Amino acid sequence: MLALRLSFMHALNFLGVGFYLPFFPVWLASKGLGDVDIGYVLAIPILVRVFVASSVTGLGDRLRPNVLLALLNALAALIYFALAQQTQFLPIAVLTALSAIALSGVVPLADVLTTAQVKAGALKDYGRVRLWGSVTFVLSNLAGGYLIAQHGAWLIPFVLAGSSSLAALAALQAPSPPGGPSPAISRGASAAGFGRTFWLAVGAAACVNATHAAVYAFSSLHWRSIGFSGEAVGWLWAVAVLAEIAVFLVWGSIAASGLTGLRWIAIAAVAAALRFAAMSADPGLAVTAFLQLLHGITFGCMHLGTLAALSALSPEARRAAAQGRLVAVSALVMGLATILSGYLYRLFGSGVFLAMVPIALLGLILAALAILRSRGNTGLGGRI
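The structure presented is a predicted model; accordingly, all values stated were derived computationally and were not measured.

> With reference to specific residues and values, describe a nonpolar patch on the surface.
A surface patch of nonpolar side chains, about 580 Å² in accessible area, is lined by Tyr40, Phe89, Leu90, Val94, Leu98, Ile101 and Tyr343. At 5 residues, helix α5 (residues 89–103) tops the list of elements feeding residues into the nonpolar patch. Tracing the backbone through its elements, the reader meets Leu98 in helix α5.

> How would you explain the environment of Ala272 if you had to name every residue and give the values?
Mapped onto the secondary structure, Ala272 falls in helix α13 (residues 261–279). A sequence separation of 64 residues divides Ala272 from Val208, and the C-alpha atoms of the two residues are 7.1 Å apart. Beyond its immediate chain neighbours, meaning those up to four positions away, Ala272 contacts Thr211, Thr298 and Ala360.

> Any chance you could break down the packing of aromatic side chains for me, citing the residues and the numbers?
Taken as a whole and judged by the stated rule, the model has 11 aromatic pairs. Look at Phe81 and Phe158: their rings are 6.5 Å apart centre to centre, the planes differ by 65°, and that puts the pair in the edge-to-face class. One end of the pair, Phe81, is in helix α4 (residues 65–83); the other, Phe158, is in helix α8 (residues 156–172), and 77 residues separate them in sequence. A relative accessible area of 34% means that Phe158 is categorised as partly exposed. With centroids separated by 5.2 Å and ring planes inclined at 85°, the aromatic side chains of Phe198 and Trp199 adopt a geometry described as edge-to-face. For Trp199, a relative accessible area of 38% corresponds to the partly exposed category. An aromatic cluster is present here, built from Tyr20, Phe24 and Trp27 joined pairwise through their rings. The side chain of Arg130 reaches across the aromatic face of Phe14, ending 4.1 Å from its centre.

> I'd like a rundown of the packing of helix α10 (residues 196–210) against helix α15 (residues 295–313), residues and numbers included.
Each pair of packed helices can be summarised by the angle the axes make with each other and by the distance between the axes. Here α10 crosses α15 at 165°, and the two axes come no closer than 10 Å. In terms of orientation, α10 and α15 fall into the roughly antiparallel class. Here α10 and α15 pass one another in a crossing that is left-handed. Between α10 and α15, the residues in contact are Thr197, Phe198, Ala201, Val202, Ala205, Val208 and Asn209 and Thr298, Phe299, Met302, Thr306, Leu310 and Leu313, respectively. Tallied by class, residues from the contact of α10 with α15 come to 9 nonpolar, 4 polar and no charged.

> Can you explain the nonpolar core? Please cite residues and give values.
Phe24, Trp27, Leu28, Ile156, Trp223 and Leu262 are the most contacted members of the largest nonpolar core, which totals 101 residues. The next biggest cluster of nonpolar side chains, apart from the first, holds 19 residues, and it includes Met9, Leu69, Leu113 and Ala174.

Here is what the cut-offs are and how they apply
Residues numbered from 1 in each chain as written. Predicted model: local features only at pLDDT ≥ 70, side-chain atom pairs only at ≥ 80, totals over all residues. Heavy atoms only, no water. Patch = residues over 30% accessible without salt bridge, like charges linked within 9 Å, V, L, I, M, F, W, Y side chains within 5 Å. Areas by Shrake-Rupley, 256 points an atom, 1.4 Å probe, with all protein chains shown as cover. Salt bridge = Lys/Arg side-chain N within 4 Å of Asp/Glu carboxyl O. Helix = DSSP H or I, 4+ residues; strand = E, 2+ residues; numbered from the N terminus. Contact = heavy atoms within 4.5 Å. Phe/Tyr/Trp six-rings, centres within 6.5 Å; stacked < 30°, edge-to-face > 60°. Buried < 20%, exposed > 50% of the residue type's maximum accessible area, 1.4 Å probe, protein only. Lys NZ or Arg CZ within 6 Å of the ring centre and 35° of its normal. Axes fitted to C-alpha atoms, helices over the stretch in contact; angles between N-to-C directions. Parallel < 35°, antiparallel > 145°, perpendicular 65-115°, else oblique. Left-handed = near helix turned anticlockwise from the far one by under 90°. Nonpolar A, V, L, I, M, F, W, Y, C, P; charged D, E, K, R; others polar. Core = buried A, V, L, I, M, F, W, Y, C linked by side-chain atoms within 4.5 Å.

What follows is the structure, given as structure tokens:
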């Protein structure tokens, strides 16, 4: 029953994400926004999360995370309903930023709720619970492709509003972490800080995550511009997430591997460099689908490895705050990469994917430094 409730929470949290990532840029384009304006709109909420994610998510160390999660999703639903009525750049940008504030804590709080159960021994495998978020993500990818093909992009904000409403209900039935808030936090005592190895791990994960900026922001538009149908675009996104699901199903225990997770971040960085270098050549539908399979490594292994490493490197009383730091730094790097992608896509088209390779290599360097600093440290996952 515990695993079912958490699976339901993750599934509905990612329902809207599956519509947003591939098709929100299409909705923006339908409103007449150009490539650079789309890049700015997509970057604004990412950059907003830099300043609010740590504070919003950190509230989960003091409040019941499931109740906070429900409130954030409900607020996002109201904002999306308002966004559906807009046609101009400025109100679209403002409302998108407000939705980002509401949603900045959703995914990290869900991870806090789940990893707390893993740490307490009540849940054995994070991956087998989290994969249901990816399942609904891929189903909404497919549904979005068909809906846009049949009815147009106008309905996307309404779908997002409905998805967030359902996610709010799902959060209310999710279990709180065992034992509630940390006693140190409850008394207002200052908790331990985060060490240098923690920040190296966060930086490495942020860089690997940011290599997806170009594919998140412009792959749908680019693939449609070179002749791929709306259904094909949906399937390309689906292939990537199916690979991610397979990783969560088979290697979900990575999330409990402690400092060994740093190695998985490094592996993901190498895969990202190869994936996006090849994608920049416009290799055709079949090869593009194969490259999308690498998402299982570039995102799936990176995500699991990051959860493992941060769990080993974070103070016990600041698990939610640690997730907030990760979201904030990841948002900063992703936002900058997204803005850069807007200009590079306008100038070079598919060449924008090649610009993701140096970011991946920087992530590899940071992961390697974190591994070197962790030699001999047993952490939660044994000697690395």
